[in-house]
Amino acid sequence: MAHSTTFLDDVLQKTNLIELINDATKLEKRGKNYVGLCPFHDEKTPSFSVSEEKQVYHCFSCKASGNALTFVKETKGLSHPEAVKFLAQRVGLEVPSTGQEDRKAPFYALNHEAMTFFKVMLNHTEEGHEAKRYLTDRGVKDEVIQTFDLGYAPKQKDALFQTFKAQGHLLSDMVDVALVHPGDPPFDFYRQRLIFPLHDVYGNVVGFSGRTIQPSTQAKYINSPTTVTFEKNQVLYNFHRAKKAIKDSGRVVIFEGFMDVIAAHQAGLHEGVAIMGTALTPHHLKSLKPLCHDVILCLDSDQAGQEATRRFIDTVEQHQLNVRMVQLPQGMDPDDYIQKHGAGAFLKQIEQALSKLDYLFVDALKRYDVTQIDGLETVKSVLFKPLSKTPLTTQRHYLERLASEAGIQATILIQDFERAFRFTPPLQAKPLSPVLITDKFQRAERLFLNYFFKDELYTRMFRLEFDDLTYVAKDARDIQFEIFEYYDHHPQSCIVPSLFIQALPIHQQEYLKKHLHLEDYPFNAEEFDDLLSTMHQFKKKQYIDSLKRAIKESDNETERKAMREIIIKLRKEQFHGKK
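Residues numbered from 1 in each chain as written. Predicted model: local features only at pLDDT ≥ 70, side-chain atom pairs only at ≥ 80, totals over all residues. Heavy atoms only, no water.

(A) Structural detail: the pattern of salt bridges. A full pass over the atoms with the stated rule returns 19 salt bridges. Between Asp-314 and Lys-356 there is a salt bridge; the shortest N-O distance is 3.8 Å. Residue Asp-314 is located in helix H13 (residues 303-318), and its partner Lys-356 is located in helix H16 (residues 356-367); the two are separated by 42 residues in the primary sequence. Lys-356 serves as the salt-bridge partner of Glu-317, at 2.9 Å between the closest nitrogen and oxygen. Residue Glu-317 is found in helix H13, and its partner Lys-356 is found in helix H16; the two are separated by 39 residues along the sequence. Using a relative accessible area of 33% as the deciding quantity, one classes Glu-317 as partly exposed. (Salt bridge = Lys/Arg side-chain N within 4 Å of Asp/Glu carboxyl O. Helix = DSSP H or I, 4+ residues; strand = E, 2+ residues; numbered from the N terminus. Buried < 20%, exposed > 50% of the residue type's maximum accessible area, 1.4 Å probe, protein only.)

(B) Looking closely at the packing of aromatic side chains. By the definition in use, this model includes 30 aromatic pairs. Aromatic side chains Phe-448 and Phe-452 sit 5.6 Å apart centroid to centroid with 10° between the ring planes, which places their arrangement in the stacked category. Pair noted here: Phe-448 and Phe-452 are both in helix H20 (residues 435-454), with a separation of 4 residues, about one helical turn. The buried category is assigned to Phe-448, whose relative accessible area is 1%. Linked through ring pairs, Phe-448, Tyr-451, Phe-452, Tyr-458, Phe-462, Phe-484, Phe-523 and Phe-528 together constitute an aromatic cluster. The residue whose ring lies beneath Lys-85 is Tyr-202, and the NZ or CZ to ring-centre distance is 5.5 Å. (Phe/Tyr/Trp six-rings, centres within 6.5 Å; stacked < 30°, edge-to-face > 60°. Lys NZ or Arg CZ within 6 Å of the ring centre and 35° of its normal.)

(C) Region of interest: the pairing of strand S2 (residues 33-36). Both strand S1 (residues 28-30) and S2 contribute to a ladder of 3 bridges, which runs antiparallel. Bridge assignment links Lys-29 to a residue of S2, and that residue is Tyr-34. Count of turn residues in the S1/S2 antiparallel hairpin: 2 residues, of which Gly-31 carries a positive phi of about 65°. Pairing geometry for S2 and strand S3 (residues 48-51), over 4 bridges, is antiparallel. Its bridge partner being in S3, Asn-33 is matched across the sheet by Ser-51. (Pairing = 2+ DSSP bridges.)

(D) Local environment of unusual backbone geometry. With an omega of 5°, the peptide bond running from Asp-184 to Pro-185 counts as cis. Residue position: Pro-185 is located in the loop between strand S7 (180-181) and strand S8 (187-188). One non-glycine residue, Gln-192, adopts positive backbone phi at about 55°. Here Gln-192 lies in the loop between S8 and strand S9 (193-199). The exposure class of Gln-192 is partly exposed, given its relative accessible area of 23%. Of note in the backbone geometry, Asn-238 takes a positive phi value of approximately 80° without being a glycine. Inspection of the secondary structure assignment puts Asn-238 in the loop between strand S11 (221-223) and helix H10 (239-249). We classify Asn-238 as buried; its relative accessible area is 5%.

(E) Region of interest: the packing of helix H21 (residues 456-465) against helix H25 (residues 525-553). Packing of H21 against H25 leaves a shortest axis separation of 11 Å and a crossing angle of 30°. With respect to H25, the element H21 is oriented roughly parallel. Judged by the twist between their axes, the crossing of H21 over H25 is right-handed. Along the contact surface, H21 presents Tyr-458, Met-461, Phe-462 and Glu-465, while H25 presents Phe-528, Leu-532 and His-536. Residues that form the contact of H21 with H25 fall into these classes: 5 nonpolar, 1 polar and 1 charged. (Axes fitted to C-alpha atoms, helices over the stretch in contact; angles between N-to-C directions. Parallel < 35°, antiparallel > 145°, perpendicular 65-115°, else oblique. Left-handed = near helix turned anticlockwise from the far one by under 90°. Contact = heavy atoms within 4.5 Å. Nonpolar A, V, L, I, M, F, W, Y, C, P; charged D, E, K, R; others polar.)

(F) Geometry of the sheet that holds strand S15 (residues 322-325). Strand order in this open sheet of 4 strands is S13-S12-S14-S15, and the pairing throughout is parallel. Only two strands of the sheet have a single neighbouring strand rather than two, namely strand S13 (272-274) and S15. Neighbour-to-neighbour, the strand axes of this sheet turn through a mean angle of 30°, independent of strand direction. Pairing geometry for strand S12 (residues 251-255) and S13, over 3 bridges, is parallel. In the sheet register, Ile-254 faces S13, and the bridge partner there is Val-273. Helix H11 (residues 258-266) rests against S12 and S13 of the sheet, and its axis sits at about 170° to S13.

(G) Fine view of the confidence of the model for the protein chain. Per-residue confidence for the protein chain gives a mean pLDDT of 85, with 91% of residues at or over 70. Every residue in residues 423-438 is under pLDDT 50, and counting partners more than four places away or in other chains gives 1 contact. When the criterion is pLDDT under 50, residues 575-579 qualifies, and its contacts beyond four places in sequence or with other chains add up to 5 contacts. (pLDDT = per-residue confidence, 0-100.)

(H) Structural view of the pairing of S15. Burial along S15 is one-sided: Val-323 and Met-325 are buried, while Asn-322 and Arg-324, pointing the other way, are not. Both strand S14 (residues 294-298) and S15 contribute to a ladder of 4 bridges, which runs parallel. For Leu-297, the partnering residue across the bridge sits in S15 and is Met-325. Taken together, S14, H13 and S15 form a β-α-β motif whose crossover is right-handed. (Right-handed = clockwise from strand over helix to strand, strands pointing away.)

(I) Region of the structure containing the sheet that holds strand S5 (residues 65-66). Pairing in this open sheet of 5 strands is antiparallel, and the strands run S1-S2-S3-S4-S5 from one edge to the other. Each having just a single partner strand, S1 and S5 make up the two edges of the open sheet.

(J) Layout of helix H6 (residues 126-137). Between its first and last C-alpha, H6 extends 17 Å over 12 residues, near the 16 Å set by a 1.5 Å rise per residue. Of all the positions in H6, only Gly-128, Ala-131, Lys-132, Tyr-134 and Leu-135 are classed as buried. Down the axis of H6, the buried side of the element spans an arc of 145°, and every buried residue falls inside it. Among the exposed residues of H6, those oriented more than 90 degrees off its buried face are Glu-126 and Asp-137. Downstream of H6 by a residue or two, Gly-139 has a phi angle that is positive, lying close to 85°. (Expected span 1.5 Å × (residues − 1). Arc of directions from axis to C-beta.)

See the structure below:
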């Protein structure tokens, strides 16, 4: 959803950056500018500066910089159009009508009507009373049932379809949001199931999940498939309700099941969300990061839940968030634990969540017998690498604990650890191959693509430095042309990589599959400057090569001498780091 440059400029002109940032970190006036603690990283001494005159901010420590739009995008985890909408509403401007979200509005409304239908079925029909008894038997109070908008899909094959048809809704719309199957005759997607509405970050109803309440061979849960409003990897159950509690507490508790979130909410923990299945995606973490610094994983204690926990640890840390784990007794999920041990005991488990090393240590000892050599070697392979990144006292603590569990002397493990991580033999010196220089330029060109896909700003900075004929590899340059052309026709917009890449030729898709790393790429302003310098070196190399060819082809000694002097001058500039 692109907005015109004029509208965006109007929004930015009316936005008071000082007031906007002051909501996130306290600013104080010093001279012409305002200063405060940087909201993008932890610090004790203020290094974050905001210019009221220029309406820009800059951190002299982590190098974060930008305007009101970039601040909202980074701190709230919003996309470009979402950030524009947020700022426009803040200054009282109506966002101009633009395609996609306006196209979704009728479908959001249809989903909301379906949610109302399911709630009526649960609360005001005889058939729904059975589903409600299931909830009350599990200790869910009526006010919590209403808070979470829980509903019930009746047994009748086409109850929702007939109701919506009588109200004048189109079958095609019902099919588009996966409420009805387009059979002959049509029939409801959800039948005889407890219904959990799914919302986006703004509270729009985007889909549903239906849980069977009958012991049967049916799937326990069925979820909305991908629709015009619903993408599984972008939804966190209860996120729209939990946002304030997450921001206030500085932490989020991630569960595996909807009932776990509901039980935790009733127990007094309101910063809980649930993943869809066992996928915690970069999109989820980017949405959470502006609101909190701690992520607590509270997944089921079965094998699948613990495998997911181990998988998520690195995913969370890659987004510079602290991660802790709750390890419940074997065979229990959070809802079970609350029902058996009560709210107080559960909240204590959350507060005593394990650090990464404690969790890996306890989890490894559960899975492997360290009194046996194979088991000990496996546990060493699990623990030694994360342990190598910690202070000496921490290393000594865990090595001694492991030695005690294994029944061996701690000095043996300490020697093994030191051999593995402290005393690596020096590398044999090898002569550099000329291809390494070419690789440096190719690498820079490939890395540029990550920046170009992320933000139009980087393409503008690049094009101020270079013309469109500067390239190393043809595939990379052809893709750059496509990106530049897109931004030329859609100024102040953003690229949706998955959609953009689908439109490219197959060989370019394969190139990007190999060299694009958007999800986990550590974008950095200093690196971008280094990449620009590298490409300036490449341009000079190209020019020097062309001069060398001209020298060989020229019969005029005066011309050859002048060209050799130019080459010497260019090489001196390269040596001194000049562009």
